[in-house]
Amino acid sequence: MSASSFEQETLYLFLSCASGVEPLLEQEIRAIVPKCHTEALRGGVSVKSNAEGVMKLNLESRLAQRVLIELIDGPYRHEDDIYTLARKIDWTQWITPAHTIRVDIVAQRSPLQSLNFTTLRVKDAICDVMREATGERPSVDTRFPDLPVIMHVGPTDATIYIDSSGEP
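Keep in mind the model is a prediction, meaning the values are calculated, not measured.

### Description of the overall build of the protein chain
Point 1. Scanning the protein chain from N- to C-terminus turns up five helices and eight strands.
Point 2. Tracing the protein chain from N to C terminus, the helices and strands come up as α-β-α-β-β-α-β-α-β-α-β-β-β.
Point 3. The globule rule puts the C-alpha radius of gyration for 168 residues at 15 Å, and the 16 Å found for the protein chain is close to it.
Point 4. Expressed as lengths along the three principal axes of its C-alpha atoms, the size of the protein chain is roughly 45 × 40 × 25 Å.
Point 5. Buried residues in the protein chain amount to 43% of all 168 residues.
Point 6. Carbon together with sulfur atoms contributes 49% to the accessible area of the protein chain, which is approximately 9,400 Å² in total.
Point 7. Placing the 17 positive and 24 negative side-chain charges of the protein chain at their respective mean positions leaves the two points 3 Å apart.

The following block contains the structure:
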């Protein structure tokens, strides 16, 4: 994917915020990126924008806690389904083997037995994709990763995001 096509590509975002602030965040987003589509949800606002919108929202939003870029979502029943979901992402568009990653999971009513094991399965999927594509794998850095990956797992569906916000 070329840089110019990425800049124009529609990205699905989730901007998290404190509970009760969602309507205010939605107004703020519309002021920062007027041509985007927004929807206030529990815990944040869903946004359709592009790479320029991501940068503007990270720079100008005072209410958003994080600006997350959605990479994929889908149903799951167990950890192997989440591994398969994470393998569908072309991680070479986001990192090289020289970069570091960290995977965090947020769960709401998830039937998974171990969130730590699920985190490892996502990390394994990222490393397997990178190893197959480049012959090398990225390292894990739990403190200051180059690519923070966030997975949200609900009762039946999982969503994988890239955290574009960086350190607070």
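The rest of the description comes next.
### Some points on unusual backbone geometry
Point 1. With a phi angle near 55°, Arg109 is a residue other than glycine that sits in the positive phi range.
Point 2. For Arg109, a relative accessible area of 68% translates into the label exposed.

### Points about the pairing of strand 2 (residues 37–41)
Point 1. Looking at chain direction, strand 2 and strand 3 (residues 44–49) are connected through five bridges and run antiparallel. Looking at strand 3, one finds that Glu39 is bridged to Ser46.
Point 2. A loop of two residues connects strand 2 with strand 3, the two strands running antiparallel in sequence, and Gly43 in this loop sits at a positive phi of about 85°.

### Thoughts on the packing of helix 2 (residues 22–32) against helix 3 (residues 51–60)
Point 1. Viewed as axis vectors pointing N to C, helix 2 and helix 3 meet at an angle of 125°, and their least axial separation amounts to 10 Å. The angle between the axes of helix 2 and helix 3 places the two elements in the oblique class. Crossing handedness for the pair helix 2 and helix 3: right-handed. For the pair formed by helix 2 and helix 3, the contact residues are Glu28, Ile29 and Ile32 on the first element and Lys56, Leu57 and Glu60 on the second.
Point 2. For the contact of helix 2 with helix 3, a count of residues per class yields three nonpolar, no polar and three charged.

### A short note on the side chain of Thr119
Point 1. Its place among the elements puts Thr119 in helix 5 (residues 115–134).
Point 2. According to the relative accessible area criterion, Thr119 is buried, its value standing at 19%.
Point 3. Once residues within four sequence positions are removed from consideration, Thr119 is found in contact with Val103 and Ile105.

### Here's the deal with helix 2
Point 1. Looking at helix 2, one finds that the buried residues are Glu22, Leu25, Glu26, Glu28, Ile29 and Ile32. Considered in projection along helix 2, the buried side chains sweep an arc of 165° and stay on one side of the axis. Facing away from the buried side of helix 2, by more than 90 degrees, are the exposed residues Gln27 and Ala31.
Point 2. Buried-residue contacts for helix 2 involve strand 1 (11–16), strand 2, strand 3 and helix 3.

### Side note on the pattern of salt bridges
Point 1. Under the criterion given, the structure shown has nine salt bridges.
Point 2. With a shortest N-O distance of 3.0 Å, Glu26 and Arg30 are connected by a salt bridge. Linking Glu26 with Arg30, this pair stays in helix 2, spanning four residues, or about one helical turn.
Point 3. In this structure, the salt-bridge partner of Glu28 is Arg62, at a minimum N-O distance of 3.9 Å. With Glu28 in helix 2 and Arg62 in the loop between helix 3 and strand 4 (66–75), this residue pair connects regions lying 34 residues apart in the sequence.

The rules behind these values
Residues numbered from 1 in each chain as written. Predicted model: local features only at pLDDT ≥ 70, side-chain atom pairs only at ≥ 80, totals over all residues. Heavy atoms only, no water. Helix = DSSP H or I, 4+ residues; strand = E, 2+ residues; numbered from the N terminus. Rg over C-alpha atoms; globule rule 2.2 N^0.38 Å. Buried < 20%, exposed > 50% of the residue type's maximum accessible area, 1.4 Å probe, protein only. Areas by Shrake-Rupley, 256 points an atom, 1.4 Å probe, with all protein chains shown as cover. Lys, Arg positive; Asp, Glu negative; His and termini not counted. Charge placed at Lys NZ, Arg CZ, Asp CG, Glu CD. Pairing = 2+ DSSP bridges. Axes fitted to C-alpha atoms, helices over the stretch in contact; angles between N-to-C directions. Parallel < 35°, antiparallel > 145°, perpendicular 65-115°, else oblique. Left-handed = near helix turned anticlockwise from the far one by under 90°. Contact = heavy atoms within 4.5 Å. Nonpolar A, V, L, I, M, F, W, Y, C, P; charged D, E, K, R; others polar. Arc of directions from axis to C-beta. Salt bridge = Lys/Arg side-chain N within 4 Å of Asp/Glu carboxyl O.

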